[in-house]
Amino acid sequence: MDEKRAMSPIRPSCPSRRTRLPITLALAGLCLYLFYHVHIYVHPLPTIADPDRWYGAPASEPTSPVQASRKLVPLEAHIMSKCPDARDCLRDMVLPAMMRVHDKVNFTLSFIGTPTENDGVSCKHGPAECLGNILELCAQRLYPDPKTYLGFVMCLTRNYKEIPQRTLIEDCALEHAIDFDELNDCAAEDDGALGMGMLRDSVRRTLA
């Protein structure tokens, strides 16, 4: 009898229904807990359609000017007002790009030249180009919306050989809702010191 008992197979023990029920409920509760917390606290990656998520704030929340400026990508073009290559660059590269991304970039124009020892600037195409550069910088200062001042610059550059003739400046100013008198006052302020200072700073920025 003892040998028969020793030879009998050992059946694996299974939990009773009473034991399995608490385990099942515990697992279900754990799944619900994980699902709830993952759903609440793990945010999906931002997409192009939802750019505000990159900065940790919902699109509906107001942002400060500093926060807004951080979202814009710097885009800068370095030109000379009487240069045919600048005309082609603005027409064929800058303008098409700006038409697509104008609301995503912080666009600025800077100018090419050579600082002189007397705190002046030497422009490649002569003093007329320096004046043209100053007028374009004044437009950028007075009308910071790129749609306005870039349009004005494009208008001048189409006829770059005529810069800075008054008729051309007045026509382009009128076409782009720029006050010619304000533009002229900016270029002439402090006997031209303001305009020359802006040009000098711009040229130094380009060199840097």
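What counts, and at which threshold
- Counting from 1, residues in each chain are numbered in the order their sequence is written.
- Predicted model: local features are reported for residues with pLDDT of at least 70 only, side-chain atom pairs are reported and counted for 80 or more only, and whole-chain, interface and lining totals are derived from all residues.
- With hydrogens and water stripped out, all remaining heavy atoms of the structure feed into the side-chain values.
- Throughout, nonpolar core names a set of buried Ala, Val, Leu, Ile, Met, Phe, Trp, Tyr and Cys residues whose side chains join them through atoms within 4.5 Å.
- Under the scheme applied here, a residue whose accessible area is under 20% of the maximum for its type counts as buried, over 50% as exposed, and between as partly exposed, the area being computed with a 1.4 Å probe on protein chains only.
- For the purposes of this entry, the term helix denotes a DSSP run of H or I that reaches at least four residues, the term strand denotes a run of E that reaches at least two, and both are numbered from the N terminus.
- In this analysis, two residues are considered to be in contact whenever any of their non-hydrogen atoms come within 4.5 Å of each other.
- In this analysis, axes come from line fits to C-alpha atoms, helices being fitted only over the stretch in contact, and the angle between any two N-to-C directions falls in the range 0 to 180 degrees.
- Here roughly perpendicular refers to angles of 65 to 115 degrees, roughly parallel to angles under 35, roughly antiparallel to angles over 145, and oblique to all remaining angles.
- Ten residue types, Ala, Val, Leu, Ile, Met, Phe, Trp, Tyr, Cys and Pro, are classed as nonpolar, four, Asp, Glu, Lys and Arg, as charged, and the remainder, Gly among them, as polar.
- Salt bridge, as used here, is a side-chain nitrogen of Lys or Arg placed within 4 Å of a carboxyl oxygen of Asp or Glu.
- Cysteine sulfur pairs qualify as disulfides if the two atoms are within 2.5 Å.
- The patch calculation keeps residues exceeding 30% relative accessible area without a salt bridge and links them within 9 Å when they carry like charges or within 5 Å when they are nonpolar (Val, Leu, Ile, Met, Phe, Trp, Tyr).
- Residue-level accessible areas treat just the shown protein chains as cover; the underlying method is Shrake-Rupley with a 1.4 Å probe.
- Counted as positive: Lys and Arg. Counted as negative: Asp and Glu. His and the chain ends are not counted at all.
- Taken as the charge centre is NZ of Lys, CZ of Arg, CG of Asp or CD of Glu, depending on the residue.
- Counted as a polar contact is a pair of N or O atoms within 3.5 Å, where, for protein atoms, one must be capable of donating a hydrogen and the other of accepting one, and residues adjacent in sequence contribute only when both atoms are in side chains.

(A) Expanded view of the nonpolar core. Residues Ile79, Leu90, Phe107, Leu109, Phe152, Leu183 and Leu199 are the most contacted members of the largest nonpolar core, which totals 42 residues. Those elements that place two or more of their residues in this core are strand S1 (73-79), helix H4 (84-101), strand S2 (105-111), helix H5 (127-142), helix H6 (146-158), helix H7 (166-175), helix H8 (180-188) and helix H9 (193-207). The contact partners of Leu199, leaving out residues within four places of it in the chain, are Phe111, Val121, Cys123, Cys130, Asn133, Ile134 and Leu137.

(B) Summary view of the packing of H5 against H9. Running from N to C, H5 and H9 point in directions that differ by 90°, and their axes come no closer than 9 Å. As far as their axial angle goes, H9 and H5 are roughly perpendicular. Mapping the contact onto sequence places Cys130, Asn133, Ile134, Leu137, Cys138 and Arg141 in H5 and Leu194, Gly195, Met196, Met198, Leu199 and Ser202 in H9. Tallied by class, residues from the contact of H5 with H9 come to eight nonpolar, three polar and one charged.

(C) Focus on the pattern of salt bridges. In this structure the tally under the stated criterion is eight salt bridges. The salt bridge partner of Arg158 is Glu175, with a shortest N-O separation of 3.8 Å. Placement of the pair is Arg158 in helix H6 and Glu175 in helix H7, with a sequence separation of 17 residues. Judged by its relative accessible area of 51%, Glu175 falls in the exposed class. One salt-bridge network, in which partners are shared between bridges, spans Arg87, Asp88, Arg91 and Asp92.

(D) Main features of the state of the cysteines. Inspection of the entire model under this criterion finds three disulfides. With a sulfur-sulfur separation of 2.0 Å, Cys123 is cross-linked through a disulfide to Cys130. Measuring handedness by torsion sign, the sulfur bridge of Cys123 and Cys130 sits at about 110° and is right-handed. Judged by relative accessible area, which is 8%, Cys123 ranks as buried. Take Cys130: its relative accessible area is 8%, and that puts it in the buried class. Each sulfur in the disulfide pair Cys155 and Cys172 lies 2.1 Å from the other. For the disulfide bridge between Cys155 and Cys172, the dihedral angle about the S-S bond is near -80°, and by the sign convention the bridge is left-handed. Linking Cys155 in helix H6 with Cys172 in helix H7, this pair joins segments that are 17 residues apart in sequence.

(E) Spatial organisation of a negative patch on the surface. Together, Asp179, Asp181, Glu182, Asp185, Glu189, Asp190 and Asp191 give the surface a local cluster of negative charge. For Asp190, the location among the structural elements is in the loop between H8 and H9. The class of Asp190 is exposed, set by a relative accessible area of 56%.

(F) How the structure looks around the side chain of Lys82. Inspection of the secondary structure puts Lys82 in the loop between S1 and H4. In this structure Lys82 is buried but unpaired, with Glu129 as the nearest side chain of opposite charge at 7.3 Å. Here Lys161 takes part through its backbone oxygen, which lies 3.1 Å from a polar atom of the side chain of Lys82. Polar side-chain contacts of Lys82 include one of 2.8 Å to the backbone oxygen of Ile163. If we skip the residues at most four places from it in the chain, Lys82 touches His125, Ala128, Glu129, Tyr160, Lys161, Glu162 and Ile163.

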